[in-house]
Amino acid sequence: MKKALLIAMLVMAAPMLAEAKTLKFPSDAPIASIKIPDSWSPKETDTGVDATSSDDAVYLSADVAELKSMDKTVSEAIDFLKEVGVTVDPKTLKETPVEEFNGMQMTTLDWDGKDEDGPVSVGLALIQTSPTKGLVVTYWGSKGDEEKHQKELVDILMSIKPIVN
């Protein structure tokens, strides 16, 4: 009985024991931080950070943008998706109204799409981190497999915080 209880406690504690990296980006003048599990191999890019789940089912990136050029950053995110073979069905677009998120303003755009492996979910979150700066969070995940990462995704998104300079 004690052994079963101990095993149950370890299983329940496993998510809390998972290693995660908090990235402040861009490193030369950070405007935001995000906490991504080490198993997702997070790394800083030229414009932000990106990561992929260990099973390659989900890709996530957060790119810094000047609010006045947010449209350009969104366009670059969509171009990136096309370059890696992700297509979206424009008829499936769902847009959320602007709402407060971790003290920031956010709106999302979501589509159904496909990549070389089949059906995917695609999303962009536009987050205002300051009066002049923002983030474009790009997401794509394989339908049927992405659900396994739901808690991790929520934790990653909830970890996004502005850095006040």
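See the structure shown above.
Right, let's walk through the structure included here. (Residues numbered from 1 in each chain as written. Predicted model: local features only at pLDDT ≥ 70, side-chain atom pairs only at ≥ 80, totals over all residues. Heavy atoms only, no water.)

Let's shift gears to the overall build of the chain. Within the chain, the regular secondary structure consists of 3 helices and 12 strands. Burial statistics for the chain: of 165 residues in total, 40% are counted as buried. By sequence separation, contacts in the chain at least 24 residues apart represent 47% of the contacts at least 6 residues apart. As displayed, the chain has an accessible area near 9900 Å², and 58% of this comes from carbon and sulfur atoms. (Helix = DSSP H or I, 4+ residues; strand = E, 2+ residues; numbered from the N terminus. Buried < 20%, exposed > 50% of the residue type's maximum accessible area, 1.4 Å probe, protein only. Contact = heavy atoms within 4.5 Å. Areas by Shrake-Rupley, 256 points an atom, 1.4 Å probe, with all protein chains shown as cover.)

In this section: the pattern of salt bridges. Taken as a whole and assessed by the stated rule, the structure comprises 7 salt bridges. Two residues, glutamate 66 and lysine 133, come together in a salt bridge whose shortest N-O distance is 2.5 Å. Within this pair, whereas glutamate 66 is found in strand β5 (residues 58-66), its partner lysine 133 is found in strand β11 (residues 133-142), the two being separated by 67 residues in sequence. Lysine 133 sits in the partly exposed class, given a relative accessible area of 24%. Here lysine 148 makes a salt bridge to aspartate 145, at a shortest N to O gap of 3.5 Å. The network of salt bridges with shared partners includes Asp55, Asp145 and Lys148. (Salt bridge = Lys/Arg side-chain N within 4 Å of Asp/Glu carboxyl O.)

Moving on, we get to the pairing of strand β2 (residues 32-37). Counting buried residues along β2, 5 of its 6 residues qualify, which places the element largely inside the surrounding structure. Here 6 bridges tie strand β1 (residues 20-25) to β2, and the two strands are oriented antiparallel to one another. Bridge pairing in β2 places alanine 20 opposite proline 37. In textbook terms, the turn of a hairpin is the stretch between consecutive antiparallel strands, and for β1 and β2 this stretch comprises 6 residues. Taken together, the 2 bridges between β2 and strand β12 (residues 161-162) define a ladder with antiparallel strand orientation. Paired with alanine 32 across the bridge in β12 is proline 162. (Pairing = 2+ DSSP bridges.)

Strand order in the open sheet made by the 3 strands is β1-β2-β12, with antiparallel pairing throughout. With partners counted over all chains shown, the strands left at the sheet margins are β1 and β12, one partner each. The strands touched by helix α3 (residues 150-159) within the sheet are β2 and β12, with β2 carrying the most contacts at an inclination of about 160°. (Axes fitted to C-alpha atoms, helices over the stretch in contact; angles between N-to-C directions.)

We now examine the packing of aromatic side chains. Counted under the stated rule, the structure contains 2 aromatic pairs. Aromatic side chains tyrosine 59 and phenylalanine 80 sit 5.5 Å apart centroid to centroid with 35° between the ring planes, which places their arrangement in the tilted category. Note that tyrosine 59 is positioned in strand β5 and phenylalanine 80 in helix α2 (residues 70-83), a separation of 21 residues in sequence. Of the residues examined, tyrosine 59 reaches a relative accessible area of 11% and is grouped as buried. Accessibility expressed as a relative area gives 29% for phenylalanine 80, which makes it partly exposed. (Phe/Tyr/Trp six-rings, centres within 6.5 Å; stacked < 30°, edge-to-face > 60°.)

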